[in-house]
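Here is how the chains run, residue by residue.
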Amino acid sequence: IENDADLQISHHILKRDLNFLIEHSYMLALNGNRRELQKVLNGLYLSQYPLYHIYDHLLTPVLHLLGDMWETGVISVIEEHIAAQGIRDCINRLQGIIQLPKSEGPVAVCINLANELHDISLKMVENILESRGFKTYFSGQLTPSLRIEELLNRIKPQRLYIGSTVISDPDR
């Protein structure tokens, strides 16, 4: 804890005040403040919040809020992209402190297909699987479908996760 703001965030983490943390994390992401957003994620994880809880109950609502604000014109697409990239960076950094089992178990492949640009949710899935002992393969975004079958035959995963975006209004 470096200052009064850190103390306030710690207070909200300990109180499990997710409403405050969602709004706060949204503003941090929107303002490009990855360092402070990282403190929130690390604080939650080190306070024994389950990883899925951090992703489902904090980051997913923040990402939905960003999408809603972009869709309604409150923020620009570039602001949404910068905020989302900051969240992606923080997820990657959080992965460095996640306790992993000593041995790897089943194999899971997490892929996005050729036209899929969104990979944050799939990265969250991969992190959760890895924390539960899976050996994971993560493709990131825009994965060409050529030779996927070859890869699957070679590594023989027990699970396959495919990320996709749901479009609720295809006419927009």
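Description of the structure in this document. On a predicted model such as this, the values are computed, not experimentally measured, just so you know. (Residues numbered from 1 in each chain as written. Predicted model: local features only at pLDDT ≥ 70, side-chain atom pairs only at ≥ 80, totals over all residues. Heavy atoms only, no water.)

Notes on the overall build of the chain
At step 1: Along the backbone of the chain there are 7 helices and 3 strands.
At step 2: Reading the secondary structure of the chain in the N-to-C direction produces α-α-α-α-α-β-α-β-α-β.
At step 3: Over its C-alpha atoms the chain spans a radius of gyration of 17 Å, differing by no more than 12% from the 16 Å that the globule rule assigns to 172 residues.
At step 4: Summarising its shape, the C-alpha atoms of the chain cover approximately 55 × 50 × 20 Å along the three principal directions.
At step 5: Among the 172 residues that make up the chain, the fraction classed as buried is 37%.
At step 6: Restricting the contact set of the chain to residue pairs at least 6 apart, pairs at least 24 apart contribute 75%.
At step 7: Of the roughly 10400 Å² of accessible surface on the chain, 53% is carried by carbon and sulfur atoms.
At step 8: Here the chain holds 16 positive side-chain charges and 21 negative ones, and the gap between their average locations is 10 Å. (Helix = DSSP H or I, 4+ residues; strand = E, 2+ residues; numbered from the N terminus. Rg over C-alpha atoms; globule rule 2.2 N^0.38 Å. Buried < 20%, exposed > 50% of the residue type's maximum accessible area, 1.4 Å probe, protein only. Contact = heavy atoms within 4.5 Å. Areas by Shrake-Rupley, 256 points an atom, 1.4 Å probe, with all protein chains shown as cover. Lys, Arg positive; Asp, Glu negative; His and termini not counted. Charge placed at Lys NZ, Arg CZ, Asp CG, Glu CD.)

Some words on the packing of aromatic side chains
At step 1: Summed over the entire model, instances satisfying the criterion amount to 0 aromatic pairs.
At step 2: Taking NZ or CZ as reference, Arg16 lies 4.2 Å from the ring centre of Tyr49, over its face.
At step 3: Across from the ring centre of Phe138, 4.8 Å away, lies the NZ or CZ of Lys123, which sits over that ring. (Phe/Tyr/Trp six-rings, centres within 6.5 Å; stacked < 30°, edge-to-face > 60°. Lys NZ or Arg CZ within 6 Å of the ring centre and 35° of its normal.)

A word on helix α2 (residues 18–30)
An α-helical turn contains 3.6 residues, so any two residues separated by three or four positions project in the same direction.
At step 1: Between its terminal C-alpha atoms α2 stretches 18 Å, which fits the 18 Å expected from 13 residues at 1.5 Å a residue.
At step 2: When we look at burial in α2, the residues that qualify are Leu18, Leu21, Ile22, Ser25, Tyr26, Leu28 and Ala29. Buried positions in α2, seen along its axis, are confined to an arc of 165° and lie on one side of it.
At step 3: Those residues of α2 that are buried are in contact with α1 (4–14), α3 (34–46), α4 (51–71) and α5 (77–94). (Expected span 1.5 Å × (residues − 1). Arc of directions from axis to C-beta.)

Section: helix α6 (residues 120–131)
At step 1: An ideal rise of 1.5 Å per residue puts 16 Å on 12 residues; α6 measures up with 17 Å between its terminal C-alpha atoms.
At step 2: With respect to burial, α6 is a largely interior element, 9 of its 12 residues being buried.
At step 3: Its buried side turned inward, α6 meets α4, α5, β1 (107–112), β2 (135–138) and β3 (159–163).
At step 4: Gly133 sits one or two positions beyond α6 and adopts a positive phi of about 100°.

Some thoughts on the pairing of β1
At step 1: Most of β1 sits out of view: 6 of its 6 residues are buried.
At step 2: The alternating pattern of β1 places Val107, Val109 and Ile111 on one face and Ala108, Cys110 and Asn112 on the opposite face, and all of these are buried.
At step 3: Sheet topology note: the β1/β2 ladder contains 4 bridges and is parallel. Its bridge partner lying in β2, Ala108 is registered against Thr136.
At step 4: The pairing of β1 with β3 spans 5 bridges and is classified as parallel. Bridging from a neighbouring strand, Val109 pairs with Leu160 of β3. (Pairing = 2+ DSSP bridges.)

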